[in-house]
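Residue strings, one per chain:
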Amino acid sequence: MQRLRLICGVMLVLLTACTDRSFSPTYPEALNVGTPKTVFAATNRDQLPDGTFGVERAEGYSLLELTVSIPPEHTPGSLKFGYRNPDPVTEFTMAGRKKFESDAAFGARLQQELAKFPPKERDITVFVHGFNSTQAETAFRAAQLTHDINVPGATVIYSWPSKGQPLGYAYDGDSVLFARDGLEQLLRKLRVAGAGRVVVVAHSMGGLLTMETLRQIEIQTPGWTARNLGGVVLMSPDLDIDVFKTQMRRFRKVPQPFLIFVSRKDNVLTLSQRLRGLDGQERLGNLDNIEELSSLPVEIIDTTAFAGEAESQHFVAASSPALVALLNGARQTADTFARDRARNRLQNILPGQIVIRENAVKVALTGTPADNR
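Residues numbered from 1 in each chain as written. Predicted model: local features only at pLDDT ≥ 70, side-chain atom pairs only at ≥ 80, totals over all residues. Heavy atoms only, no water.

Observations concerning the pairing of strand S8 (residues 258–262)
Next up, step 1: Burial analysis of S8 places 5 of its 5 residues in the buried class, which makes it a mostly covered element.
Next up, step 2: Neither face of S8 is left uncovered, since the one carrying Phe258, Ile260 and Val262 and the one carrying Leu259 and Phe261 both have all their residues buried.
Next up, step 3: Where strand S7 (residues 231–235) lies against S8, 4 bridges are found, and the strand directions are parallel. Paired with Leu234 across the strands is Ile260, a residue of S8.
Next up, step 4: Since S7 and S8 lie parallel, the crossover through helix H8 (residues 241–248) that links them has a hand, and here it is right-handed.
Next up, step 5: Here 4 bridges tie S8 to strand S9 (residues 299–302), and the two strands are oriented parallel to one another. By the bridge assignment, Ile260 is partnered in S9 with Ile300. (Buried < 20%, exposed > 50% of the residue type's maximum accessible area, 1.4 Å probe, protein only. Helix = DSSP H or I, 4+ residues; strand = E, 2+ residues; numbered from the N terminus. Pairing = 2+ DSSP bridges. Right-handed = clockwise from strand over helix to strand, strands pointing away.)

Considerations on the packing of aromatic side chains
Next up, step 1: Taken as a whole and judged by the stated rule, the model has 8 aromatic pairs.
Next up, step 2: The cationic tip of Lys163 hangs over the ring face of Tyr171; the distance from NZ or CZ to the ring centre is 4.6 Å.
Next up, step 3: When the ring centre of Trp224 is taken as reference, the NZ or CZ atom of Arg188 above it lies at 5.3 Å. (Phe/Tyr/Trp six-rings, centres within 6.5 Å; stacked < 30°, edge-to-face > 60°. Lys NZ or Arg CZ within 6 Å of the ring centre and 35° of its normal.)

Brief notes about the environment of Pro25
Next up, step 1: Here Pro25 lies in the loop between helix H1 (2–17) and strand S1 (35–47).
Next up, step 2: Look past the residues within four positions of Pro25 in its chain and what remains in contact with it is Tyr83, Arg84, Pro86 and Met94. (Contact = heavy atoms within 4.5 Å.)

Quick notes on unusual backbone geometry
Next up, step 1: In the segment running from Gln256 into Pro257, the intervening peptide bond is cis, with an omega of 0°.
Next up, step 2: Topologically, Pro257 is positioned in the loop between H8 and S8.
Next up, step 3: Despite not being glycine, Ser236 has its phi angle at roughly 50°, a positive value.
Next up, step 4: Residue class for Ser236 comes out buried when judged on its relative accessible area of 8%.

A word on the environment of Phe23
Next up, step 1: By the element assignment, Phe23 lies in the loop between H1 and S1.
Next up, step 2: When its relative accessible area of 21% is taken as the criterion, Phe23 is described as partly exposed.
Next up, step 3: For the pair Phe23 and Ala136, spaced 113 residues apart in the sequence, the C-alpha separation amounts to 8.4 Å.
Next up, step 4: Not counting the four nearest positions on each side in its chain, Phe23 is found in contact with Asp50, Thr52, Tyr83 and Arg84.

A few points about H8
Next up, step 1: Within H8, burial applies to Ile241, Phe244, Gln247 and Met248. For H8, the buried positions fall inside an angular range of 115° around the axis, keeping them on one side.
Next up, step 2: The secondary structure elements touched by the buried residues of H8 are helix H6 (205–220), S7 and S8.
Next up, step 3: The N-cap residue of H8 is Asp240: its side-chain oxygen and the backbone nitrogen of Asp242 are 2.9 Å apart. (Arc of directions from axis to C-beta. Polar contact = N/O pair within 3.5 Å; in protein donor to acceptor, adjacent residues only side chain to side chain.)

Some remarks on the pattern of salt bridges
Next up, step 1: The full count for this structure, using the stated rule, is 11 salt bridges.
Next up, step 2: Glu292 serves as the salt-bridge partner of Lys245, at 3.4 Å between the closest nitrogen and oxygen. Of the two residues, Lys245 sits in helix H8 while Glu292 sits in the loop between helix H9 (267–275) and S9, which places them 47 residues apart along the sequence.
Next up, step 3: Judged by its relative accessible area of 22%, Lys245 is partly exposed.
Next up, step 4: The partly exposed category is assigned to Glu292, whose relative accessible area is 33%.
Next up, step 5: Ionic contacts of the salt-bridge type, sharing partners, join the residues Glu65, Arg109, Glu113 and Lys116 into one network. (Salt bridge = Lys/Arg side-chain N within 4 Å of Asp/Glu carboxyl O.)

Topic: the nonpolar core
Next up, step 1: Counting residues in hydrophobic clusters, the biggest one holds 52 residues, and the most contacted among them are Ile124, Phe244, Phe258, Ile260 and Leu293.
Next up, step 2: With 5 residues, the top contributor of residues to this core is H6.
Next up, step 3: Residues in contact with Ile260, not counting those within four places in the same chain, are Leu234, Pro237, Phe244, Leu284, Leu293, Val298, Glu299, Ile300 and Ile301. (Core = buried A, V, L, I, M, F, W, Y, C linked by side-chain atoms within 4.5 Å.)

Comments concerning the pairing of strand S4 (residues 124–128)
Next up, step 1: Across the 5 residues of S4, 5 count as buried, placing the element largely inside the fold.
Next up, step 2: In S4, alternate side chains face the same way, and those of Ile124, Val126 and Val128 on one face and Thr125 and Phe127 on the other are all buried.
Next up, step 3: Here S4 pairs with strand S5 (residues 154–159) via 5 bridges, running parallel. If you follow Val128 over to S5, its bridge partner there is Tyr158.
Next up, step 4: Handedness of the crossover is the feature at issue here: the chain leaves S4, passes through helix H3 (residues 135–148), returns alongside S5, and the resulting connection is right-handed.

What follows is the structure, encoded as C-alpha cells:
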C-alpha cells in the first residue's frame, strides 16, 4: 500500500510537470467578479521582459504589490487557478502587479495597508513557499490561506527562486542557501515598518530556508528573533531532524509560539526520504516520535487525521476544509498566535489530545470525520 501511494504521488508530480506554469498574466477585470486580496512580495527571482519573475536567481532584490482575485465560487481549503487563460469565476487570478522603486515606497504602502485594521490587528504574516513553486502560485496560496483562516493584517510572501519543476529539487535546494540573505533583509525591514507583530509561516523546503535564515540572524544578533518575531509556524517542513536541532541551538531564546504542523501521511516527504536514501528515517514534517524534540520549546500540531480529505497531503493545514474551518474558528484575531503556557489556552486554540514532554507539546487533532474513515 505504501509503495502504491508513492507511485501515485510520483505520477501526480509528473502530470503537474506537463502544465506550463511559467506564465500567469494579469487580468484586472477579474476584480469585477472576484474578491481582491493584497499580497506584498519580496523576491530575488530574475525579472522577465513581460514584468513577471521567473526561475533564475537575481543579485538584486525586488519589492512588489500583487492583487489576487479570489473567485466567488471558492470554498475553504481549495486552491484552483489557471495559468494563461484563468476563469476568474472559479479560479484564483492575478489581477494586479506593481513594482516599488524604493524601500521607502514599499514601507509607506505597507503601513497604509496595516492602517486598515484595528491597532491590535496590525500584524504581518510572512509566507515562505516550498519546493516546486512559482511566484504566482505562492501569491495564490498565501491569499487562500490567510483568507480562509481569516488572518488579519498584511500578507507578505518571500518568493525565492524555485525552479517550479518537479525535477528541480537539487536546484531548489541550492536556491534555499542563495536566498537566506534576502529573507533576513526582509524580516529586518518589516520589523521597523510599524507592525504589531511579524509572524513567519513557512511551508516544506521553505522551512529549511526559514531556519537557516533565523540561525544566521541569531549568530549576528543574538536574541533578535525572540524580540522581533511574534511567532514561527513550520508547515510540513522538509527538514532533517538533526539539522533542525543544531539550528535551534543557536537561538538565545526561541520565539513563541513555535508551531510545527506534521502529518504521518505526507506523501511528498515520504518521497523526499526516498530521494535521500533515508527509508524509515522521518523528516521533521512527518515526525511521529515527539521525544525527538523533547528538550525544545515547540508545539507539534499533528494533522494526520485530516490528511484523507485534504486536497494536498503535503499541505494539510491549508487544503483540508475541516482543518481550515477549525483554525478559522480558533483564530478570529491574530492574538491567537500569542503563546500561552496554560494548558487550557492551547486546548481552546487547537482542540485535541495534548501530550506534554518537558518543553515540547504535541497536539493530536481528533474528533473529525477523517477519524472514522
